[in-house]
Amino acid sequence: MMENRIPKVGGKLSRLRHVRRAACAAALMIGLASSPSVARAESGNGFWSDYLVHASRCHAALNDTASEGTRCLLGNGLKLFVEEGLRFADAYGKRRFGPHFQVAGNLSYSPVSHKFGIDGDIDMVLPFAGTGSSGNRNGVSSFFFQQGVTRWWDGSGSGLFRNDLRHGVVRRFRVSSAPDADIVGISAFHLLNAERGHRVLAPGIDYTGRWGIGSFRYFVPATDWRRGSSGYQERALEGMELGMRFDLTTTLQLNTVGYRWRAEDGSNQWNTGTRVGLDWRPHPWFKFGANYDGIGEGKRSTSFQVALHLPFGGPSEKPAWEGLGVAADYSRPKTEDLWRPIEDIGPIRVAKRQSASALVKKARVRFLQDAVGSGEAVRLEVLLPAAAPEDIRVVVRLVPGDGENPAVAGEDFVDEPVETRIPKGTASSTVSITLLRNDNMEQPRSLGATVSVAS
């Protein structure tokens, strides 16, 4: 079999990347300094001051290497630039489409070289014209479009950021005509991965009451297996999630999610389990979280998060530390809850399996006999490292062995491929090849075999 190799490029390319990154950082800083404020001069001055405060945190990175310092400066600048853009879009949208228009974002950036970039979620709520605008319907129902994107780091081998787009419609209404009645919501979303082309339909319902928020969503893939990272295939997963969120106190929040997903190994098995999370926000600028996944059949895992969020431009006065808070008053749903964006979608989950060609490249051929006479049939077994995801046609070819006295093509065997099939779900297949009769052979000869995908 022939193996394709990609030639490596030396240090010149690396230096070019550093130059380009430095140029991007310089251009960004010049643009931030020279561009007019989107709102007013005070906002621009606050933006520049805020950037300088964030840039001062790059002192250690600048002392480390030029590339690390450049990434730190560029990352801070990009994050602040995007946040300012979101704020401007939110303010403009409210003036254009009304007070229920929203642009919500939860962004972060990584300055690490191998996953440098901004990730997180951005969603836009666009109220449907006419709904809830009349006086007698305001605060009773809502109907809006929601569009968003989740950008996340794929650390499973591709080494790239992924962008999962979503757009859908949401209809919410109170269960009675009372202004503080509970709220029921119905939604339907279409999800699309920009890199792989995965498509998922995600209908769902949600319920908002005085005790918290509940939601149910079903994810239905609309695409089959697609090419993934090198040697792998991907398919969007089918699954469902039932979530509940309770406000224990004004700063403590309990989240539980029961789920049922297809297995990530590409089989049709179902995995069922429950995730439990506890969020503590003792201060508007700090958030601590702990999550446990492993109740039921789910994979056991524990994670902890610490988030720091400073408002852009600085607050007019510093908020107070609230500690564990006070008991939640379990107030009735407000009008804002009618227009709350859907938050239970996130990135598209996928199953992965090795492609047929990758499996065959890692296959080995095993002779089922220690020795065979000239002119007799030799039996071989093709072994894959994992079960075949589909029926795979392969060809086996005899070749001279590695011993001191290798077999000779045309004298000891016919140099022609022999095809066999490895059924789906299995990892092996046997084949029998008849050798040529060689009466002139005086000493034993060694024989080898290769396997490749049938063309």
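Look up: the structure comes first, before these words.
Residues numbered from 1 in each chain as written. Predicted model: local features only at pLDDT ≥ 70, side-chain atom pairs only at ≥ 80, totals over all residues. Heavy atoms only, no water.

**Observations regarding the side chain of Gln146**
Positionally, Gln146 belongs in strand β3 (residues 141-154). Here the side chain of Gln146 touches Asp123 through a polar contact of 3.0 Å, side chain to side chain. Excluding residues that lie within four positions of it along the chain, Gln146 makes contacts with Asp123, Met124, Arg166, His167, Gly168, Val170, Phe189, Pro341 and Ile342. (Helix = DSSP H or I, 4+ residues; strand = E, 2+ residues; numbered from the N terminus. Polar contact = N/O pair within 3.5 Å; in protein donor to acceptor, adjacent residues only side chain to side chain. Contact = heavy atoms within 4.5 Å.)

**With respect to the pattern of salt bridges**
Taken as a whole and judged by the stated rule, the model has 21 salt bridges. The partner of Arg166 in a salt bridge is Asp121, with the nearest N and O atoms 3.7 Å apart. Taken together, the positions of Arg166 in strand β4 (residues 160-174) and Asp121 in strand β2 (residues 117-127) put the pair 45 residues apart, joining distant regions of the chain. The shortest N-O distance in the salt bridge between Asp123 and Arg166 comes to 2.8 Å. Note that Asp123 is positioned in strand β2 and Arg166 in strand β4, a separation of 43 residues in sequence. Both residues of the pair, Asp123 and Arg166, count as buried. (Salt bridge = Lys/Arg side-chain N within 4 Å of Asp/Glu carboxyl O. Buried < 20%, exposed > 50% of the residue type's maximum accessible area, 1.4 Å probe, protein only.)

**Focus: the pairing of strand β6 (residues 199-209)**
Looking down a regular strand, the side chains alternate between one sheet face and the other. Across 10 bridges, strand β5 (residues 183-193) lies against β6 in antiparallel orientation. Directly across from Leu191, in β6, lies its bridge partner Val200. The turn joining β5 and β6, which pair antiparallel and follow one another in sequence, is formed by five residues; a positive phi near 85° is taken by Gly197. The loop that links β6 with its antiparallel partner strand β7 (residues 212-221) comprises two residues. (Pairing = 2+ DSSP bridges.)

**A look at the environment of Ser374**
Relative to the elements of secondary structure, Ser374 occurs in the loop between β16 (364-367) and β17 (377-383). Through-space distance from the C-alpha of Ser374 to that of Asn438 is 6.1 Å; in sequence the pair is 64 residues apart. Non-local contacts of Ser374, meaning those with residues more than four positions away in its chain, are made with Leu436, Arg437, Asn438 and Met441. Here the side chain of Ser374 touches Leu436 through a polar contact of 3.1 Å, landing on its backbone oxygen. A polar contact of 2.8 Å, which involves the side chain of Ser374, links it to the backbone nitrogen of Asn438.

**A look at the pairing of strand β9 (residues 232-236)**
Taken across its five residues, β9 has four buried, putting it largely inside the fold. Two strands pair when backbone bridges link them, and strand β8 (residues 226-227) and β9 are joined in this way by two bridges, in the antiparallel orientation. Counted as the bridge partner of Arg226 is Glu234 from β9. Between β8 and β9, which pair antiparallel and follow one another directly, the connecting turn spans four residues, one of which, Gly231, has a positive phi of 80°. Direction of pairing for β9 relative to strand β15 (residues 350-354): antiparallel, over a ladder of five bridges. When the sheet's bridge partners are listed, Gln233 is paired in β15 with Arg353.

**Description of the sheet that holds strand β20 (residues 428-434)**
Taken together, the three strands give an open sheet; going across it, the order is β16-β17-β20, and neighbouring strands pair in antiparallel fashion. Either end of the sheet is taken by a strand with one partner, and the two such strands are β16 and β20. Looking at each pair of strands side by side, their axes are set apart by 30° on average, direction ignored. Pairing of β16 with β17 involves four bridges; the strand directions are antiparallel. Looking at β17, one finds that Arg364 is bridged to Leu383. (Axes fitted to C-alpha atoms, helices over the stretch in contact; angles between N-to-C directions.)

**A word on the sheet that holds β8**
The three strands lie next to each other as β8-β9-β15, forming an open sheet whose pairing is antiparallel. Across the chains shown, the open sheet's two edge strands, defined by having one partner strand only, are β8 and β15.

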